[in-house]
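A structural walkthrough
What follows is each chain in one-letter form.
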Amino acid sequence: MTAVLGTTRTERKRSHILVAAKDVFAREGFSKAGMEQVARNAGVSTATLYAHFPSKAELFRVVVEETIDDHAAAVRQSALAGGSLRARLEAFATAYATFYSNPTSRALFRMVTAEHRRFPDIARHFRDRGRNELGGAAIALVRELADQGALRVDKASRAAGQLQGMIEHATLLLGLIEGDEVQPSRSPAEIAADAVETFLARYGA
C-alpha cells in the first residue's frame, strides 16, 4: 500500500510540475522561464523538480510532447465521428480550429519555432508529430471519404493540407501576429464551417 501511495504522490507531483511549467513557458518563453519559478508555482522544492526533470531543456521537451499528445488526441478522435459528409468534415475542422485557437498551443508553436536552433530535436519532433498526428488524421479522413465516393480528390494529402491551411490562417496566424491570447472574431465552429464550405466547393463529388 505504501508503495502505491508513494507512486501516486510522485505522479501527482509530476503532474503539478508540468501544469506549472506549461504556464510559465507560455507566459515567459523558454529563455526567461526559471526552474525556481516553476517549482514555486507547482508547490514543490527545486530538489524535487530536478529529481523529475534534470534540466530546463528536458522539462521543455516533455511539456511540448505532452501538450501535443493531449490536444492531438481530440483532433484524432474527431476524425472518427459519424454522420454526413459535411458533419464529419466539420467535426474534424472544428477540433483543428479549437487546437490552434488555444493560447497554449499557440505559445508552444511560437516557442518551438523560436528555439529550433537550440533544440533541433524538439523542433523536429514537433513537426513530425504535427504531420503524423494532425495531418495524418486529416489525410485518413479525406481518403476514406474519397473512397466512399463523397469527395473527388487526386491526392488526399494535398486536399487535406488545403483544409488545414484555411483553418490555420484564421487561427494560428492570428495568434502569431496579434498574441497567443487573441481569439478570432469567429468561433472555431464558424471557422470550420466556412473552411468546409470552400473545401466542398472544390472537392465535393
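All values reported here derive from a predicted model rather than from experimental measurement. Residue positions are given per chain, counting from 1 as you read along its sequence in written order. At least 70 in pLDDT is required for a residue's local features to be given in this predicted model, at least 80 for side-chain atom pairs to be given and counted, and no such filter applies to totals for whole chains, interfaces and linings, which use all residues. Note that water and hydrogens are dropped before the side-chain values are worked out from all heavy atoms of the structure.

**Here's the deal with the overall build of the protein chain**
The following threshold applies: For the purposes of this entry, the term helix denotes a DSSP run of H or I that reaches at least four residues, the term strand denotes a run of E that reaches at least two, and both are numbered from the N terminus. For every residue, the accessible area obtained with a 1.4 Å probe (protein chains only) is divided by the maximum for its type, and the residue is called buried under 20%, exposed over 50%, and partly exposed between those limits. By definition, residues are in contact when any of their heavy atoms lie within 4.5 Å.
Of regular secondary structure, the protein chain possesses 10 helices and zero strands. Principal-axis analysis of the C-alpha atoms gives the protein chain an extent of 60 × 45 × 30 Å. Expressed as a percentage of the 205 residues in the protein chain, the buried residues total 40%. Pairs at least 24 apart in sequence give 71% of the contacts found in the protein chain among residues at least 6 apart.

**Quick look at the confidence of the model for the protein chain**
The test is simple: Confidence of the prediction at every residue is given by pLDDT, a number between 0 and 100.
For the protein chain, mean pLDDT is 88; residues scoring 70 or higher make up 97% of the total. Within the protein chain, helix H10 (residues 188-203) carries the highest mean pLDDT (97), whereas helix H1 (residues 2-32) carries the lowest (81). Long-range and interchain partners of residues 1-6, a stretch whose pLDDT sits below 50, account for zero contacts in this model, where long-range means more than four residues apart.

**Focus on the nonpolar core**
Definition in use: For the purposes of this section, nonpolar cores are sets of buried Ala, Val, Leu, Ile, Met, Phe, Trp, Tyr and Cys residues that join through side-chain atoms within 4.5 Å.
Counting 61 residues, the largest nonpolar core has Phe 25, Leu 49, Leu 59, Phe 60, Phe 92 and Phe 199 as its most contacted members. Mapped by element, the contributors of at least two residues to this core are H1, helix H2 (35-42), helix H4 (56-78), helix H5 (85-101), helix H6 (103-114), helix H7 (120-147), helix H8 (156-170) and H10. No other element matches H7, which puts nine residues into this core. Contacts of Phe 25, omitting those with residues within four sequence positions, involve Phe 30, Ala 33, Lys 56, Leu 59, Phe 60, Val 63 and Met 111.

**Observations concerning the packing of H4 against H5**
To keep it simple, the criterion reads: Angular values range over 0 to 180 degrees, each being the angle between N-to-C directions of two axes fitted as lines to C-alpha atoms, with helices fitted over their stretch in contact. In this scheme, roughly parallel covers angles under 35 degrees and roughly antiparallel covers those over 145, while 65 to 115 is roughly perpendicular and the rest are oblique. By definition, any crossing whose near helix is turned counterclockwise from its far helix by less than a right angle is left-handed, and any crossing with a clockwise turn is right-handed.
Where H4 meets H5, the closest approach of the two axes is 8 Å, and the angle between their N-to-C directions is 165°. The orientation of H4 relative to H5 falls into the category roughly antiparallel. Seen along the crossing, H4 lies across H5 with a hand that is left-handed. For the pair H4 and H5, the contacting residues are His 71, Ala 72, Ala 74, Val 75 and Ser 78 in the first and Ala 91, Phe 92, Ala 95, Tyr 96 and Phe 99 in the second.

**A short note on the pattern of salt bridges**
What counts, and what does not: Think of a salt bridge as a Lys or Arg side-chain nitrogen and an Asp or Glu carboxyl oxygen that are within 4 Å of each other.
Within the structure shown, the criterion is met by 11 salt bridges. A salt bridge links Arg 14 to Glu 66; its shortest N-O distance comes to 3.1 Å. On the criterion of sequence distance, the pair formed by Arg 14 in helix H1 and Glu 66 in helix H4 is long-range, its members being 52 residues apart. A residue is classified by how much of its surface remains accessible, and Arg 14, at 31% relative accessible area, is partly exposed. Residue class for Glu 66 comes out partly exposed when judged on its relative accessible area of 30%. Overlapping salt bridges bring together Asp 23, Arg 27 and Glu 28 as one network.

**What to know about the side chain of Arg 88**
Structurally, Arg 88 can be placed in helix H5. Overall, Arg 88 belongs to the buried group, its relative accessible area being 9%. Those residues in contact with Arg 88 that lie beyond four places of it in its chain are Ala 79, Ala 81, Gly 82, Gly 83, Leu 141, Glu 144, Leu 145 and Gln 148.

**Topic: H7**
Heads up, the condition is: In a helix, the anticipated span is given by 1.5 Å times the number of residues less one.
End to end, H7 covers 38 Å across 28 residues, agreeing with the expected 40 Å (1.5 Å per residue, within 8%). Ile 122, Ala 123, Phe 126, Arg 129, Glu 133, Leu 134, Gly 135, Ala 137, Ala 138, Leu 141, Val 142 and Leu 145 are the residues of H7 that are buried. Of the surrounding elements, those touching the buried residues of H7 are H4, H5, H6, H8 and H10. Where H7 terminates, the next one or two residues include Gly 149, which has phi positive at roughly 85°.

**Considering H4**
Test applied: For a residue, the bend is simply the angle between two axes, fitted respectively to the seven-residue segment ending there and the seven-residue segment starting there.
Along its 23 residues, H4 runs 33 Å from first to last C-alpha, staying within 8% of the 33 Å computed at 1.5 Å per residue. In the structure, H4 departs most strongly from a straight axis at Ala 72, where the bend amounts to approximately 25°. Among all positions in H4, only Lys 56, Leu 59, Phe 60, Val 62, Val 63, Val 64, Thr 67, Ile 68, Ala 72, Val 75 and Ser 78 are buried.

**Section: the side chain of Asp 180**
Inspection of the secondary structure puts Asp 180 in the loop between helix H9 (172-178) and H10. The exposure class assigned to Asp 180 is buried, which follows from its relative accessible area of 12%. In this view, Asp 180 contacts Ala 26, Pro 103, Arg 106, Ala 107, Arg 110 and Gly 175; residues no more than four positions away in its chain are not counted.

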